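One letter stands for each residue in the lines below.
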Amino acid sequence: DEVKKFEDTLAKYTQTKYAIGVGSGTDALTLSIKALGIGPGDEVIVPSHTFISSIYCIVANGATPILVDVGNDELINPELIVNAITAKTKAILPVHFHGKICEMDRIMAIANQNKLYVIEDAAQALGSTYKGQPAGSFGDLGCFSFNTPKLLGGWGDGGAIVTNNKALAEKLYLLRNHYNMAQTSVRIEDFPTPEIIEWAGKSRLDEIQAALLNVKWKYYDYLLARRKEIADMYCKGLQGLPIKLPNYGEGDVIQEFIIRVMKSDDRELLKKHMDEKGIELLIRETIPNHKIKNLGLGHFNLPVTESISTDAIRLPAYPELRNDEIQEIIQAIRGFYGK
């Protein structure tokens, strides 16, 4: 009952017809590629500036990821998508990174013109809107993550896929649960075990995670608003420093608050300075995905993505932060720059 309730709430929240709970955001992406029939010999266009699962899901299905660069907004550059399309291209996988949503009108126009699928990686964008439309509702499929550090985080892992396509929804309900052969699918009354069975694995959102997330829905608008307050405090308090502050649009949510230092040497020095004050900063974009050894992606030349890997720092932005703690963080950063 809890999973079904959660799926119904998620579908309503994203203004889609169907939501399919799965074990993780990675599973959501991987099953989406599989449900669309994308496999060996096919290509999927995706940014390198993303969490590795956005690329892994393509490789896991035997297809080839075609990596493109991002723009100054750190989101996939639509102009580069056009140049990357070949006869083998089957889909575009835009990533709504850090709560910022991609230029979906342009991306959907490109997809429609070239008869391509669109799979939205909205793992960090639950609640974001683009021109009034929710993240995850533009493409054929939208994928979300509910692991602990996400905007709507559980006690462990969890994910979901949303769609308006009934045939795709049915396929995904089957793929997440051994084609319903175990007779334990939450939606078996709506999508019973078919006469013809295919191989499928198990990736279910469990009842305990769904129960917690159902409670957290009640507070979700507040949590998003609090994150926005924190971001506004940072933007105001860090003005005038030699750092680049993020630029959020009206419909964006704040999954991460990422600053970029002007001098790459400052990144490690700033982190050391903050560590000494007991304030944690996260530095994660140290090696772009296409530069990781042994993944076979080194032939891509993506200068903006590579630049981000040298200067990006994540500041604490979780909604439980108190205002005095935020001011302490701001003053510590200003102190590093002698301000």
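Computed from a predicted structure; not experimentally measured.

Undergrad: When you look at the pattern of salt bridges in this model, what are you seeing that I'm missing?
TA: A pair can form between side chains of opposite charge whenever their charged atoms are brought close. Scanning the entire structure with this criterion turns up 17 salt bridges. Notably, a salt bridge pairs Glu-189 with Lys-4, separated by 2.9 Å at the nearest N-O pair. Residue Glu-189 is located in the loop between helix H6 (166–175) and helix H7 (207–216), and its partner Lys-4 is located in helix H1 (residues 2–13); the two are separated by 185 residues in the primary sequence. By relative accessible area, Glu-189 is classed as partly exposed at 46%. We note a salt bridge from Asp-232 to Lys-228, for which the minimum N-O separation is 3.1 Å. With a gap of four residues between them, Asp-232 and Lys-228 both fall in helix H8 (residues 220–237), about one helical turn apart.

Undergrad: Sorry if this is basic, but what is going on with the packing of aromatic side chains here?
TA: Taken as a whole and judged by the stated rule, the model has nine aromatic pairs. With centroids separated by 5.1 Å and ring planes inclined at 90 degrees, the aromatic side chains of Phe-6 and Phe-146 adopt a geometry described as edge-to-face. Of this pair, Phe-6 sits in helix H1 while Phe-146 sits in the loop between strand E8 (141–145) and strand E9 (159–163), and the two are 140 residues apart along the sequence. Here Phe-6 matches Phe-146 in class, with each residue buried.

Undergrad: Can you help me understand the layout of surface pockets in this one?
TA: Roughly 260 Å³ of internal volume is contained in the second largest pocket. Asn-72, Asp-73, Glu-74, Lys-100 and Asn-247 are, among the 20 residues lining the second largest pocket, the residues nearest its centre. Its residues assigned to classes, the lining of the second largest pocket shows eight nonpolar, four polar and eight charged.

Undergrad: I keep staring at the nonpolar core and nothing clicks. Help me out?
TA: In globular proteins that are soluble, nonpolar side chains generally tend to be buried together. Membership of the largest hydrophobic core comes to 78 residues, with the highest contact counts inside it found for Phe-6, Leu-10, Leu-93 and Phe-146. Broken down by element, the residue count for this core peaks at six residues, all from H6. Listed in part, the 27 residues of the second largest apolar core include Leu-238, Ile-243, Leu-321 and Ala-332.

Undergrad: Whenever I open this one, the side chain of Glu-74 confuses me. Can you help?
TA: Mapping Glu-74 onto the fold places it in the loop between strand E3 (64–68) and helix H4 (78–84). Despite being buried, Glu-74 has no salt bridge partner; Arg-260 is the closest side chain of opposite charge, sitting 4.1 Å away. Side-chain polar atoms of Glu-74 contact the side chain of His-49, separated by 3.4 Å. With sequence-adjacent residues up to four places away left out, Glu-74 is seen in contact with His-49, Phe-97, His-98, Lys-100, Arg-260 and Ile-308.

Cut-offs and rules
Residues numbered from 1 in each chain as written. Predicted model: local features only at pLDDT ≥ 70, side-chain atom pairs only at ≥ 80, totals over all residues. Heavy atoms only, no water. Salt bridge = Lys/Arg side-chain N within 4 Å of Asp/Glu carboxyl O. Helix = DSSP H or I, 4+ residues; strand = E, 2+ residues; numbered from the N terminus. Buried < 20%, exposed > 50% of the residue type's maximum accessible area, 1.4 Å probe, protein only. Phe/Tyr/Trp six-rings, centres within 6.5 Å; stacked < 30°, edge-to-face > 60°. 1 Å grid on protein atoms, 1.4 Å probe; cavity = no way out; pocket = protein on both sides within 12 Å on 5 of 7 lines; lining within 4 Å. Points joined across faces, edges and corners; volume = space filled by probe spheres on them. Nonpolar A, V, L, I, M, F, W, Y, C, P; charged D, E, K, R; others polar. Core = buried A, V, L, I, M, F, W, Y, C linked by side-chain atoms within 4.5 Å. Lys, Arg positive; Asp, Glu negative; His and termini not counted. Polar contact = N/O pair within 3.5 Å; in protein donor to acceptor, adjacent residues only side chain to side chain. Contact = heavy atoms within 4.5 Å.

Geometric descriptors of this kind do not, in isolation, establish any biological role.
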